[in-house]
Amino acid sequence: MSLAVPAVLLVLWEICSRHAIVSPRYFPPPTTVGWVLVDGFAAGDLGTQSLVTLTRLGFAFATAAVPGVLLGLLMGMARPVRDAVEPYIAFIFPVPKITLLPFLTIILGVGEPAFVLTGATSAFFQIVISTLGGVQTMDPRLLEVGRNYGARGARLFWKVILPAALPAIFTGLRLGLGLALVALVAVEFIAAKSGLGHLVYRHWQMLSTPEMYAAFAIVGALGLLLTRGLRAVQARVLTWQEEIGRL
Amino acid sequence: MPTRAPKVLVNEVSVTFESHGRSVVALDRISLQAHAGEFLCIVGPSGSGKSTLLRVLAGLLPQSAGDVRIEADRPGTPLTAMVFQEHALLPWRTVRDNVTFGLENRGVGRAEREARAREMLAMVGLTRFAQHYPHQLSGGMKQRVGIARALANDPEVLLMDEPLAALDAQTRTIMQEELLRIWATLGKTVVYVTHSLEEALLLGDRIVLLTARPGRVSQVYSVDLGRPRGLEVRGSPAYGVLLEKIWSQLREEVVRAMAEDRGGEPA
């Protein structure tokens, strides 16, 4: 079923577009988009642009993940830190991070650091919030087990708190990765002169819709592959988990 | 009856909580003793502070007043190991690694840890499940692991907090027999909290009855039903007499606790 429904929709779209039931100019047939993808990758341009976006995403994710997990753990374990930091997190979290781009470009100039940081902040807050949640919702009896069975201080952290929070940390990383991609494509759409977001923008300006859809398709596929990949890593690392929620 | 040397001494222990700006007395000047090798059961209505008392003994909760002493006659072994309600196993550890958790924290070498795990898993009948994760086990099996984990740590005193309460009736009965067998084999001092009088009568040497909140010692009963004891004890006249006697007292406390709940703040 998970493949049949999109297949049927694509075939319908193809038919409607070919017979001009919908405007082929705005809704080009999927096969045309498919050939654009094939040609684009063969010519190297689509591959290059995808790599640009992927590289930005890699830097953004790496910048966000380590400090995000650390801050989340610290907030979860130290009440004063949580009380001090939580209001700011709650304030900034719901703001679409693309709105930080103007501010970051004023400070850093229009360029990669500002682009990457916009993506990174997007992931960062999600990772902090998920990690914090993982620590806060852990079964308090496991802490008692740790203490009664002689795990104190750093041992309690490594042997009990961190493993207990790990599933939530993975969820945070996965959501964060997705959010970073969203923010980066938006950044590319608005400000960058390269990347998949920029491709969408450029082909939209020229009304070359097959190319626009092709770029869309790559962004979607990237998001899907990356989050599925992280899920596979999670399943590998956390073999003890009963089941890992889908999507 | 083994030696009468006191193992656990609880002297005038009180615990007071701060709750919504008011102080609530959970335990009020509790005094009791458990002798070496004794199976001491603590029974009382909900809210009588049974679990609180166990947490004070385990060093997980500081008492507000009074003192607790646990006589240590083997240096290097922990004072207590707790078997928790609903097992509280570490889900990311295999059965074997749950059992060796305490030993690992004390720096016991791998070979000795694994030998001890094998021994304890054999004792609770889970040898074949050493490499399983907790989520792959039934409730009764999980609690067996919880018991093996506590025994592997070889504590001076074994603390058990309603360990069988979450199990179905049949599994609970089997586990009670298992506990009797293990206790007879190892001769550990056990402090066992339960809300089931029948369970206390089946397992215990003595029963300490706590009052409704604040928890005080209401009565201490000797369970002179002989050893080894099995389920058939429930058919003996002495059992019936003792059950009746303790129940009439416990009943009063339960009714009082219920009245207090109704009269107090709505939950």
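So, how was this worked out
Residues numbered from 1 in each chain as written. Chains lettered and ligands numbered in written order. Predicted model: local features only at pLDDT ≥ 70, side-chain atom pairs only at ≥ 80, totals over all residues. Heavy atoms only, no water. Salt bridge = Lys/Arg side-chain N within 4 Å of Asp/Glu carboxyl O. Helix = DSSP H or I, 4+ residues; strand = E, 2+ residues; numbered from the N terminus. Buried < 20%, exposed > 50% of the residue type's maximum accessible area, 1.4 Å probe, protein only. Contact = heavy atoms within 4.5 Å. Buried area = accessible area lost by both parts, 1.4 Å probe. Polar contact = N/O pair within 3.5 Å; in protein donor to acceptor, adjacent residues only side chain to side chain. Nonpolar A, V, L, I, M, F, W, Y, C, P; charged D, E, K, R; others polar.

A. The arrangement of the pattern of salt bridges in detail. Per the counting criterion, the structure on display carries 26 salt bridges over all chains. Between A:Glu112 and A:Arg56 there is a salt bridge, with its nearest N and O atoms 2.8 Å apart. With A:Glu112 in helix 6 (residues 112-136) and A:Arg56 in helix 3 (residues 45-77), this pair connects stretches of sequence that are 56 residues apart. Residue classification places A:Arg56 among the buried residues on the basis of a relative accessible area of 3%. In this structure, B:Arg96 engages B:Glu114 in a salt bridge whose closest nitrogen and oxygen atoms are separated by 3.6 Å.

B. Quick peek at helix 7 (residues 140-148) of chain A. Turning to helix 7 of chain A, its buried residues are A:Leu142, A:Glu144, A:Val145, A:Gly146 and A:Asn148. Where helix 7 of chain A ends, the next residue or the one after it, A:Gly150, has phi of about 85°, a positive value.

C. Just the interface of chain B and chain A, in detail. Tallying the contact residues gives 25 residues for chain B and 19 residues for chain A. Counting each side, the surface lost to burial between chain B and chain A is near 2,000 Å², with a carbon and sulfur contribution of 57%. Applying the counting criterion to the chain B and chain A interface returns 2 salt bridges. Summed over the shared surface of chain B and chain A, the number is 13 residue pairs in polar contact (both at pLDDT 80 or more). Where the side of chain B that touches chain A is concerned, the elements lending two or more residues are strand 5 (80-83), helix 3 (101-105) and helix 5 (139-152) of chain B. At 4 residues, the largest contribution of residues to the side of chain B that touches chain A is made by helix 3 of chain B. Class assignment of the residues belonging to the side of chain B that touches chain A gives a composition of 13 nonpolar, 7 polar and 5 charged.

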